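# Fold and geometry: a report
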Amino acid sequence: MSLPAIRRLLVSGLLLAALAPALAAPDDYVGSIERWHATRIANLQKPDGWLSFAGSGRVQPGDNTVGRAEDNAIVLPKGPEHLGTLTLAPDGSLSLAVPAGSDARVDGKPFERVALATNADGATPTRVTLGETWFYVVKTGDVVGWRFRDPQSPARTGFTGIDTWPIDPSWRIVADWQPFDSPKTIELVTSLGTPEEGTVPGKAVFERDGQRFELQPLSEDDGKQLFFIIADRTSGKESYGAARFLYADAPKDGKVVLDFNKAYNPPCALSPHVVCPTAPPENRLALRVTAGEKKYVAGH
């Protein structure tokens, strides 16, 4: 489970104009956000983007028959009626057995039995391809699941974009960075209701509308980026209820830039086949963040 940037505004009641870099005209800023969002939309529409998810479910201990027919334990939205058997062994290992001559491939090669890696311990899940579609297995906490990807999924082919609030430079906030003496571990709850641990190196402190707020990020990319999972008073109404995601560059000179114009929907807002962390209590702002992406209307 993991997941992906940010920039500028007020600090401690100072005017935005006093903080704006001399070379950064408002039109340049608006254009930069527009380009950022266009890149995000383009990435979503890629054949292997989040919109390609077309199926998901749990893998039960023991043997699980797999295929498109309804009598399978794991029913795929596409593929052969009966593909084979996926086994979750008592030791937690996973394997897939298919009959000789199957169209299933791993790394472009046919197989009759193959061990399946998950995302556990930073590994890359084994991709089992079936023509232009593929599936793999994942672990979320103690839960083992399967995911099916299809570049021709209705979610991808029917995608028309995501609404956003008007770009507002005042939501580019330069916050004070307060590192903890040592990083602390917090427990996040996923959209599936399972626990997931994260490491928090400190907190970003800022003011808005005369009030003081704090956000605690996870550290990513060896400390080069901070990942904020946030909720606010638009959540569940104008924006997605569980959370929005926001990335920031690592703190510099005791400051961290929070650009809420880049707050975006997590993958689970776009597809019911994805599991995401939800906003922890520390990051539920008593504030309407009217910037960034709104709720995805075609979402589940």
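On a predicted model such as this, the values are computed, not experimentally measured, just so you know.

### Things to note about the pattern of salt bridges
Scanning the entire structure with this criterion turns up 8 salt bridges. One salt bridge connects Asp-150 with Lys-78, and the closest N-O pair in it is separated by 2.9 Å. Pair noted here: Asp-150 is in the loop between strand E9 (143–149) and helix H3 (154–157) and Lys-78 is in the loop between strand E3 (74–75) and strand E4 (84–88), with a separation of 72 residues, a long-range link. Given a relative accessible area of 32%, Lys-78 falls into the partly exposed group. It is possible to trace a salt-bridge network through shared partners that takes in Lys-203, Arg-212 and Glu-214.

### Description of the pairing of strand E8 (residues 133–140)
Here E8 lies mainly inside the structure; 7 of its 8 residues are buried. Where strand E7 (residues 128–130) meets E8, 3 bridges bridge the pair, whose relative direction is antiparallel. Bridge pairing links Thr-129 to Trp-134 in E8. Counting the residues in the hairpin turn of E7 and E8 gives 2 residues, including Gly-131, whose phi is positive at 65 degrees. Between the antiparallel neighbours E8 and E9 lie 2 residues, among them Gly-141 with a positive phi of about 65 degrees.

### Some details on the sheet that holds E9
An order of E1-E9-E8-E7 is seen for the 4 strands of this open sheet, with the pairing classed as antiparallel. The open sheet terminates on both sides in strands that have one partner only, identified here as strand E1 (53–58) and E7. Each strand of the sheet is rotated relative to its neighbour by a mean of 25 degrees, with strand direction disregarded.

### Details of the sheet that holds strand E14 (residues 225–230)
What the 3 strands build is an open sheet, ordered E13-E14-E15; its pairing is antiparallel. On the outer flanks of this sheet lie strand E13 (218–220) and strand E15 (244–249), each paired with one strand and no other. For this sheet, the mean inter-axis angle between neighbouring strands, taken without regard to orientation, is 30 degrees.

What counts, and at which threshold
- Residues numbered from 1 in each chain as written.
- Predicted model: local features only at pLDDT ≥ 70, side-chain atom pairs only at ≥ 80, totals over all residues.
- Heavy atoms only, no water.
- Salt bridge = Lys/Arg side-chain N within 4 Å of Asp/Glu carboxyl O.
- Helix = DSSP H or I, 4+ residues; strand = E, 2+ residues; numbered from the N terminus.
- Buried < 20%, exposed > 50% of the residue type's maximum accessible area, 1.4 Å probe, protein only.
- Pairing = 2+ DSSP bridges.
- Axes fitted to C-alpha atoms, helices over the stretch in contact; angles between N-to-C directions.

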